[in-house]
Every structure is written in structure tokens, then in C-alpha cells.
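Spelled out from the first residue to the last, the chains are:
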Amino acid sequence: MNKYLLPIIAIIIGVVIAFLTRKQKTIYTKLLLSFSGAFLLALTLFDLLPEVYHHLEAKTTGLYIMCGILLQIILEFFSKGAEHGHVHIHKDETNFPWLLFISLCLHSFLEGFPIHEHNDMVYGVLIHKIPIAALISAFLMQSNFSKLQIASFLIAFTLMTPLGTYISNASEISTDYLTMINAIVIGIFFHISTTILFESSEGHKFNLSKLVAIILGVGIAYII
């Protein structure tokens, strides 16, 4: 059940963080974002990538990974980078951000596919979702959207990853197709995590706290 519950718990934690820190600076959220980027990248390299290369021919795997990177670039054209912490919702905005909503839901749906009982990717998704959910929730709370709209946005966003996991584990989709989807998700994870890491140092300045967060992320991913 953890593979279904942990992504949901991650969103709940993110919403709570956003509520508790809504009047404070987000330095700790940024550190958590840096940690999550390193953790997700390392776990993808240590766990998911070898599994995909084991089932697919090397060049084909690389092709699907590149497709995932390109897909994420396309999604970010609509979401403006919300998947790695960039949320652009104006306080005076009254029109529901459908493009942001759809792109985030598709991203969350796909990232549920690599989660199985026998791997640790659920922890990568868990850590990735907490700061993203916190940032998205914080911006939604500052907007002029109704409470019903905000709640509907967050509930749908919360359910997408478990839905992807359920379809991946319970459907009769062939192993080859699931492996192809997982390779695409690797590309998505690569793009998101590397973008987070490249942006983690503002102005490319050395930041010890963020460096420690990144090293911790890689180290913990390796240990588990």
C-alpha cells in the first residue's frame, strides 16, 4: 500500500508546509527542493535506469529517454516549470489555470508508472513531490481562486500518481510497453532533477547549505 499512500502523503505534507510558512521566506523549501532534485536523480540512476537497460536495447533506451526529456520540455511550455518549483500564478488571476493543471496532472500520472513493490522509486517521488506541492499550494493560497477550485486542483493532482501506479501494476499492458514508458519517465526525471540542481545556486554562487543538501540527497539514495 505504500506505493499508493506515500505520494498522497507527500502532497498533504506539502500543503501543510505551505500553510505554516505562508507568511515566511521559503529558504527551507528551496533547500528541500535541492535535496529532492539530487535524491530523485540519484535514485533514477541507481535503481530505475539499470532496470530499463536490462529489458531494452541500449540505443532504443536512449531514444525513449530523449523522448522523455523532450516531453517534459513541452509540458513546461504550458506549466512554466512548476514541476521543478517555478509557479507563476498572478494574485489577481481569476481564470482557472487549465494548462498548468493539465500539464501537472500528466506529469504526475506518468511518474507513477515506475513505482513497483520491488523498487524504491516511490521514495524519490515522495521527496520530489513535497517541495513542489508546497510551492504550488502557496501560490494557490495567494491567488483569487475559490476554495473549491483550489481543493479540486490539489485533489486531482494528488490522485494522478497513484492512478499511474495502479494502471502500471494492475493492467495487462505488456512488459515491453511498460519499460518504454519507464524509459520516457527517466527522461522526465533527468530533466527535472538536473534543472533543479543547475538552478540551486543563484547566480552560480557557491552555497554550502545547498551543497550539503545535494550530497545528502545522493548519499541517502545510494544507501537505500
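These numbers were taken from a predicted model, which means no experiment stands behind them.

A look at the overall build of the protein chain
Broken down by element type, the protein chain carries eight helices and zero strands. What you see in the protein chain, going N to C, is helices and strands ordered as α-α-α-α-α-α-α-α. Long-range contacts, defined here as pairs at least 24 residues apart, represent 84% of the contacts in the protein chain between residues at least 6 apart. A total accessible area of about 11,600 Å² is found for the protein chain, and carbon and sulfur atoms account for 69% of it.

Some details on the packing of aromatic side chains
Applying the stated criterion across every chain yields a total of six aromatic pairs. Relative to F153, the ring of F101 has its centre 5.4 Å away and its plane inclined at 65°; by these criteria the two rings are edge-to-face. You can see F101 sitting in helix 4 (residues 98-111) and its partner F153 sitting in helix 6 (residues 147-170), a full 52 residues away along the chain. An identical accessibility class is assigned to F101 and F153; each is buried. Summarising the aromatic geometry, the rings of F109 and F113 are spaced 5.3 Å apart at their centres and angled 80° between planes, so their arrangement reads as edge-to-face. Each member of the aromatic cluster is reached from another via a ring pair, and the members are W98, F101 and F153. Positioned above the aromatic ring of F157 is the side chain of K129, whose terminal nitrogen or guanidinium carbon lies 4.4 Å from the ring centre.

Remarks on helix 8 (residues 208-223)
Under the 1.5 Å per step criterion, the end-to-end length of helix 8 is 22 Å for 16 residues, consistent within 8% with the ideal 22 Å. Residues K210, A213, I214, G217 and A221 constitute the buried set of helix 8. Considered in projection along helix 8, the buried side chains sweep an arc of 95° and stay on one side of the axis. Opposite the packed face of helix 8, turned more than 90 degrees from it, sit the exposed residues L208, I215, Y222 and I223.

Some thoughts on the pattern of salt bridges
By the definition in use, this model includes one salt bridge. A salt bridge links E111 to K129; the nearest nitrogen and oxygen atoms lie 3.0 Å apart. You can see E111 sitting in helix 4 and its partner K129 sitting in helix 5 (residues 121-142), a full 18 residues away along the chain. We note that E111, like K129, is buried.

Examining the confidence of the model for the protein chain
Scored by pLDDT, the protein chain has a mean of 85; 88% of the residues are at 70 or more. Averaged pLDDT values for the elements of the protein chain fall to 87 in helix 5 and rise to 92 in helix 3 (residues 58-79).

Focus: the side chain of E111
The class for E111 is buried, based on a relative accessible area of 2%. Side chain to side chain, E111 and K129 meet in a polar contact 3.0 Å long.

Focus on the packing of helix 1 (residues 2-20) against helix 6
Orientation of helix 1 relative to helix 6, taken along the N-to-C sense of each, is 165°, at an axis distance of 9 Å. By the angle between their axes, helix 1 is roughly antiparallel relative to helix 6. Judged by the twist between their axes, the crossing of helix 1 over helix 6 is right-handed. Of helix 6, the residues touching helix 1 (which contributes K3, Y4, P7, I8, I11 and V15) are L154, F157, T158, T161, P162, T165, Y166 and N169. The residue makeup of the contact of helix 1 with helix 6, split by class, is nine nonpolar, four polar and one charged.

Observations regarding helix 6
Residues separated by three or four positions in an α-helix point in the same direction, a consequence of the helix having 3.6 residues per turn. The first and last C-alpha atoms of helix 6 sit 34 Å apart over 24 residues, in line with the 34 Å expected at 1.5 Å per residue. Where helix 6 bends most, at M160, the angle is about 25°, and the proline P162 comes one to four residues later. All of the buried residues in helix 6 are I150, F153, L154, A156, F157, T158, T161, P162, G164, T165 and S168. Elements in contact with the buried residues of helix 6: helix 1, helix 4, helix 5 and helix 7 (175-199).

Focus on the packing of helix 3 against helix 4
Running from N to C, helix 3 and helix 4 cross one another at 150°; their axes reach a closest spacing of 8 Å. Taken together, the axes of helix 3 and helix 4 are roughly antiparallel relative to one another. Mapping the contact onto sequence places L71, Q72, L75, F78 and S79 in helix 3 and L99, L100, S103, L106, H107 and L110 in helix 4. When the residues that make up the contact of helix 3 with helix 4 are grouped by side-chain class, the tally is seven nonpolar, four polar and no charged.

Conventions used here
- Residues numbered from 1 in each chain as written.
- Predicted model: local features only at pLDDT ≥ 70, side-chain atom pairs only at ≥ 80, totals over all residues.
- Heavy atoms only, no water.
- Helix = DSSP H or I, 4+ residues; strand = E, 2+ residues; numbered from the N terminus.
- Contact = heavy atoms within 4.5 Å.
- Areas by Shrake-Rupley, 256 points an atom, 1.4 Å probe, with all protein chains shown as cover.
- Phe/Tyr/Trp six-rings, centres within 6.5 Å; stacked < 30°, edge-to-face > 60°.
- Buried < 20%, exposed > 50% of the residue type's maximum accessible area, 1.4 Å probe, protein only.
- Lys NZ or Arg CZ within 6 Å of the ring centre and 35° of its normal.
- Expected span 1.5 Å × (residues − 1).
- Arc of directions from axis to C-beta.
- Salt bridge = Lys/Arg side-chain N within 4 Å of Asp/Glu carboxyl O.
- pLDDT = per-residue confidence, 0-100.
- Polar contact = N/O pair within 3.5 Å; in protein donor to acceptor, adjacent residues only side chain to side chain.
- Axes fitted to C-alpha atoms, helices over the stretch in contact; angles between N-to-C directions.
- Parallel < 35°, antiparallel > 145°, perpendicular 65-115°, else oblique.
- Left-handed = near helix turned anticlockwise from the far one by under 90°.
- Nonpolar A, V, L, I, M, F, W, Y, C, P; charged D, E, K, R; others polar.
- Bend = angle between axes of the 7 residues up to and from the residue.

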